[in-house]
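Tertiary structure, described
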Amino acid sequence: YKYLDEDQNYYKADVLIDEKRSRINIPFKVGAHNKDIVIQFLKEAYKENIVGLRTKTPFENFADIESLRASFYNSINITDVKYLIRFMEKFRKKFN
């Protein structure tokens, strides 16, 4: 959440009230939250072996554009979280 809160110009957390935020599932929006940028984000993430950010598949079949979701279950460690943040920073610089 700290990264999302610090970068509200490109990434936006869906849940803004600290007391209501999950420590496991963190929903967020990317860029202008349009179909093209969300699909591009998912494709670029996949290339970096970052998967599971979305519950709907396939990538090209959007009825609605839902928020993405980072899930931090038991097997995810701080190194994984930092890897995701580095990817998000790189993506923002490339596509913003």
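Everything numeric here is computed off the predicted structure, so don't read it as measured data.

Thresholds, definitions, all that
- Residues numbered from 1 in each chain as written.
- Predicted model: local features only at pLDDT ≥ 70, side-chain atom pairs only at ≥ 80, totals over all residues.
- Heavy atoms only, no water.
- Buried < 20%, exposed > 50% of the residue type's maximum accessible area, 1.4 Å probe, protein only.
- Helix = DSSP H or I, 4+ residues; strand = E, 2+ residues; numbered from the N terminus.
- Pairing = 2+ DSSP bridges.
- Contact = heavy atoms within 4.5 Å.
- Phe/Tyr/Trp six-rings, centres within 6.5 Å; stacked < 30°, edge-to-face > 60°.
- Salt bridge = Lys/Arg side-chain N within 4 Å of Asp/Glu carboxyl O.

Right, let's get into the pairing of strand β3 (residues 68–71). Residues of β3 alternate between two faces, with Leu-68 and Ala-70 buried on one and Arg-69 and Ser-71 left unburied on the opposite face. Pairing analysis gives four bridges linking strand β2 (residues 25–30) to β3, with the strands arranged antiparallel. By the bridge assignment for β3, Ile-26 is matched with Ala-70.

Below, the discussion takes up the environment of Phe-28. Within the secondary structure, Phe-28 is located in strand β2. Sequence-wise, Phe-28 and Ala-13 are 15 residues apart; in three dimensions their C-alpha atoms are separated by 4.3 Å. When near neighbours in sequence (up to four residues on either side) are disregarded, Phe-28 contacts Leu-4, Tyr-11, Lys-12, Ala-13, Asp-14, Phe-41, Ser-67, Leu-68, Arg-69, Ala-70 and Met-88.

One pass over the full model with this rule turns up 10 aromatic pairs. Considering the side-chain rings of Phe-28 and Phe-41, the 6.1 Å spacing of their centres and the 75 degrees angle between planes classify their relative orientation as edge-to-face. In this pair, Phe-28 is assigned in strand β2 and Phe-41 in helix α2 (residues 35–47), connecting sequence segments 13 residues apart. Classification of Phe-41 by relative accessible area gives buried; the value is 0%. Within the aromatic cluster, the residues linked to one another by ring pairs are Tyr-3, Tyr-10, Tyr-11, Phe-28, Phe-41, Phe-87, Phe-91 and Phe-95.

All chains considered together, the criterion is met by seven salt bridges. Among the salt bridges present, the one from Asp-5 reaches Arg-21, with a minimum N-O distance of 2.8 Å. Taken as a pair, Asp-5 in helix α1 (residues 2–6) and Arg-21 in the loop between β1 (11–13) and β2 lie far apart in primary sequence, 16 residues in all. Residue classification places Arg-21 among the buried residues on the basis of a relative accessible area of 13%. Of the charged contacts in the structure, one is a salt bridge between Glu-44 and Lys-47, with a shortest N-O distance of 3.3 Å. Pair noted here: Glu-44 and Lys-47 are both in helix α2, with a separation of three residues, about one helical turn. The class of Lys-47 is exposed, set by a relative accessible area of 60%. Through salt bridges with shared partners, one network takes in Asp-5, Asp-18 and Arg-21.

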